[in-house]
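# Secondary and tertiary structure notes
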Amino acid sequence: MTALRNVCVYCGSSGSVDPSYKEAAHALGTALAERGLGLVYGGGRVGLMGIVADAALAAGGEVVGIIPEHIQKLEVEHTGLTELHVVDSMHTRKRMMVERSDAFIILPGGLGTLDEAFEIITWRQLKLHDKPIIIADIGGYWQPLRDLLTHLKDTGFGRGDIDQLYTFVERVEDILPALRREPEPQQAVDTARL
Ligand code: AMP
């Protein structure tokens, strides 16, 4: 994929997690900036979200944060970003994150990350966008998700080809090479239907 400029990262807002996940977030932020890729994320200063943003900024990268007004205090908005958008709702946030990004990376996270991951995967299944999605299975964190996806297929609730909607990688250093191997998106985001 050549037209890769801005990459959206979904990840946890918790900081009370194993250091290996924090290191992965830091390494990803640095790698994005070093390759001249802009970061689009949820705009918070907390947890892996803050770490990935700080690392990208420290490496000279551009970072766009999009945060809903009602959780601005909860997630403590990052005030040192290239752009910070305070928006009216979670839905506006998620739609803007999709519009502003050429690809999506899912790092370890909690309920919010899962919601964002399933939404972006589902929107791809519904052909509302055709942008690549990489799930970073750092230290096997997403093994239960892999098992669940297999279960969906085994029981007939997930189509046999759902694996084509996302790509799992195991290490941070495999994320950007995996993105480069992805085919160029063939369609614009159907924003009116998000
Ligand atoms: P978490 O993975 O729960 O730590 O949350 C990561 C990000 O997802 C944070 O920016 C949250 O604001 C966001 N988030 C939390 N809950 C939801 C939800 N139900 N829908 C969309 N995003 C959410």
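Residues numbered from 1 in each chain as written. Predicted model: local features only at pLDDT ≥ 70, side-chain atom pairs only at ≥ 80, totals over all residues. Heavy atoms only, no water.

Per an unreviewed UniProt entry, the chain goes by Cytokinin riboside 5'-monophosphate phosphoribohydrolase and derives from Aerophototrophica crusticola. UniProt lists a comment for the chain under the heading Catalytic activity (unreviewed entry), and it reads "AMP + H2O = D-ribose 5-phosphate + adenine". (UniProt positions renumbered as here; feature names shortened; annotations may be inferred.)

## Let's talk about helix α4 (residues 111–125)
Its 15 residues give α4 an end-to-end C-alpha distance of 21 Å, which sits within 8% of 21 Å, the value for a rise of 1.5 Å per residue. Residues of α4 that are buried include every one of Thr113, Glu116, Ala117, Glu119, Ile120, Ile121, Trp123 and Arg124, and no others. Buried residues along α4 sit in contact with β1 (6–10), α3 (90–99), β5 (103–106) and β6 (133–136). Looking one or two residues past α4, Lys127 carries a phi angle of roughly 65°, positive in sign. (Helix = DSSP H or I, 4+ residues; strand = E, 2+ residues; numbered from the N terminus. Expected span 1.5 Å × (residues − 1). Buried < 20%, exposed > 50% of the residue type's maximum accessible area, 1.4 Å probe, protein only. Contact = heavy atoms within 4.5 Å.)

## A few points about the packing of helix α1 (residues 19–34) against helix α2 (residues 47–58)
Where α1 meets α2, the closest approach of the two axes is 7 Å, and the angle between their N-to-C directions is 35°. Like other packed secondary-structure pairs, α1 and α2 cross with a definite hand, here right-handed. In this structure, α1 contributes Tyr21, Lys22, Ala25, His26, Leu28, Gly29, Thr30 and Ala33 to the contact, and α2 contributes Leu48, Ile51, Val52, Ala55 and Ala56. Classifying every residue of the contact of α1 with α2 gives 9 nonpolar, 3 polar and 1 charged. (Axes fitted to C-alpha atoms, helices over the stretch in contact; angles between N-to-C directions. Left-handed = near helix turned anticlockwise from the far one by under 90°. Nonpolar A, V, L, I, M, F, W, Y, C, P; charged D, E, K, R; others polar.)

## Here we look at the pattern of salt bridges
Oppositely charged side chains can form a pair if their charged atoms are brought close together. Under the definition given, this model contains 13 salt bridges. Residues Arg93 and Glu75 are paired through a salt bridge, measuring 3.0 Å at the closest nitrogen-oxygen approach. With a gap of 18 residues between them, Arg93 in helix α3 and Glu75 in the loop between β3 (63–68) and β4 (83–87) connect regions that are remote in the sequence. A single burial state applies to Arg93 and to Glu75, both of which are buried. With a shortest N-O distance of 3.4 Å, Glu119 and Lys94 are connected by a salt bridge. Placement of the pair is Glu119 in helix α4 and Lys94 in helix α3, with a sequence separation of 25 residues. Residue Glu119 is classed as buried on the basis of its relative accessible area of 18%. Assessed through its relative accessible area of 11%, Lys94 is described here as buried. Connected through shared salt-bridge partners, Lys94, Asp115 and Glu119 make up one network. (Salt bridge = Lys/Arg side-chain N within 4 Å of Asp/Glu carboxyl O.)

## Some details on the site of the ligand
Taken together, 16 residues are adjacent to the ligand, and Ser13, Glu75, Gly110, Gly112 and Thr113 come closest. Here Arg93 contributes a side-chain N or O atom positioned 3.0 Å from an oxygen atom of the ligand. In this structure, an oxygen atom belonging to the ligand sits 2.6 Å away from a side-chain N or O atom of Thr113. Looking at the shell around the ligand, the elements that each hand over two or more residues are α3 and α4. By residue number, the principal contributor to the shell around the ligand is α4, which donates 5 residues. A class-by-class count of the residues in the shell around the ligand yields 5 nonpolar, 6 polar and 5 charged. (Near = heavy atom within 4 Å. Polar contact = N/O pair within 3.5 Å; in protein donor to acceptor, adjacent residues only side chain to side chain.)

## A closer look at the pairing of β1
Within β1, 4 of the 5 residues are buried, which leaves the element mostly enclosed by the surrounding structure. In terms of strand pairing, β1 meets strand β2 (residues 38–41) through 3 bridges, oriented parallel. Bridge pairing in β2 places Cys8 opposite Val40. This β-α-β element, β1 to α1 to β2, shows right-handed connectivity. (Pairing = 2+ DSSP bridges. Right-handed = clockwise from strand over helix to strand, strands pointing away.)

## Points about the packing of aromatic side chains
On inspection of all chains with the given rule, the structure shows 4 aromatic pairs. Judged by centre distance (4.7 Å) and plane angle (80°), the ring pair of Tyr141 and Trp142 falls under edge-to-face. By relative accessible area, Trp142 is classed as buried at 4%. (Phe/Tyr/Trp six-rings, centres within 6.5 Å; stacked < 30°, edge-to-face > 60°.)

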